[in-house]
Amino acid sequence: MAAFDNLEEAEKYARQQYSDNVSVLLGNGEGNFEQALSFGAGSNPRWLAVGDFNGDRVPDLAVANYRSNNVSVLINNTCR
């Protein structure tokens, strides 16, 4: 879990192994989540990591893709 919208609300992220997407669920501040936002990753996303990969102090998402044997880095631009 991480705060992707920079509001310190808990967010969840999930891989969608058979759709080649990952989803981010933003917290609404009332203990619930908004509708999932889906983003294209690579072929058969398997593992996820959250980190500030571009140094802007906003959490980004890295996705290791099993079938395409690569890593997708999804830069968070929700707070700009």
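Quick note: structure is the one above.
Report follows, based on the coordinates.

Each value, and the rule that gives it
Residues numbered from 1 in each chain as written. Predicted model: local features only at pLDDT ≥ 70, side-chain atom pairs only at ≥ 80, totals over all residues. Heavy atoms only, no water. Helix = DSSP H or I, 4+ residues; strand = E, 2+ residues; numbered from the N terminus. Contact = heavy atoms within 4.5 Å. Buried < 20%, exposed > 50% of the residue type's maximum accessible area, 1.4 Å probe, protein only. Core = buried A, V, L, I, M, F, W, Y, C linked by side-chain atoms within 4.5 Å. 1 Å grid on protein atoms, 1.4 Å probe; cavity = no way out; pocket = protein on both sides within 12 Å on 5 of 7 lines; lining within 4 Å. Points joined across faces, edges and corners; volume = space filled by probe spheres on them. Nonpolar A, V, L, I, M, F, W, Y, C, P; charged D, E, K, R; others polar. Salt bridge = Lys/Arg side-chain N within 4 Å of Asp/Glu carboxyl O.

### Side note on the environment of Tyr 66
Okay, step 1: Structurally, the position occupied by Tyr 66 is in the loop between strand E5 (60-65) and strand E6 (70-74).
Okay, step 2: Sequence-wise, Tyr 66 and Pro 45 are 21 residues apart; in three dimensions their C-alpha atoms are separated by 6.0 Å.
Okay, step 3: Non-local contacts of Tyr 66, meaning those with residues more than four positions away in its chain, are made with Ser 43, Asn 44, Arg 46 and Trp 47.

### Here's the deal with unusual backbone geometry
Okay, step 1: Here the phi dihedral of Asn 44 falls at roughly 65°; this positive angle occurs in a residue that is not glycine.
Okay, step 2: Tracing the chain through its elements places Asn 44 in the loop between strand E3 (37-40) and strand E4 (45-51).
Okay, step 3: Its identity is not glycine, yet Asn 69 carries a phi of approximately 55°, on the positive side.
Okay, step 4: With respect to the helices and strands, Asn 69 occurs in the loop between E5 and E6.
Okay, step 5: Accessibility expressed as a relative area gives 70% for Asn 69, which makes it exposed.

### Topic: the nonpolar core
Okay, step 1: By size, the foremost hydrophobic cluster in this structure holds five residues: Val 22, Val 24, Leu 26, Leu 61 and Val 63.
Okay, step 2: Counting residues per element, the ones that place at least two in this core are strand E2 (21-25) and E5.

### Overview of the layout of surface pockets
To find leftover empty space, one rolls a probe the size of a water molecule over the atoms.
Okay, step 1: Considered as a void within the structure, the largest pocket measures approximately 220 Å³ in volume.
Okay, step 2: Taken together, 14 residues make up the lining of the largest pocket; nearest its centre are Val 24, Phe 39, Ile 75, Asn 76 and Thr 78.
Okay, step 3: When residues of the lining of the largest pocket are traced back to their parent elements, those giving at least two are E2, E3 and E5.
Okay, step 4: Class assignment for the residues of the lining of the largest pocket results in 10 nonpolar, three polar and one charged.

### Overview of the environment of Tyr 18
Okay, step 1: As for its placement among the helices and strands, Tyr 18 is situated in the loop between strand E1 (12-16) and E2.
Okay, step 2: For Tyr 18, a relative accessible area of 74% translates into the label exposed.
Okay, step 3: Along the backbone, Tyr 18 and Asn 44 are 26 residues apart, and their C-alpha atoms lie at a distance of 6.1 Å.

### Focus: the pattern of salt bridges
Okay, step 1: Taken as a whole, this structure holds one salt bridge when the rule is applied.
Okay, step 2: Between Asp 20 and Arg 67 there is a salt bridge, with its nearest N and O atoms 3.6 Å apart. Here Asp 20, found in the loop between E1 and E2, pairs with Arg 67, found in the loop between E5 and E6; they are 47 residues apart in sequence, far enough to count as distant.
Okay, step 3: According to the relative accessible area criterion, Arg 67 is exposed, its value standing at 53%.

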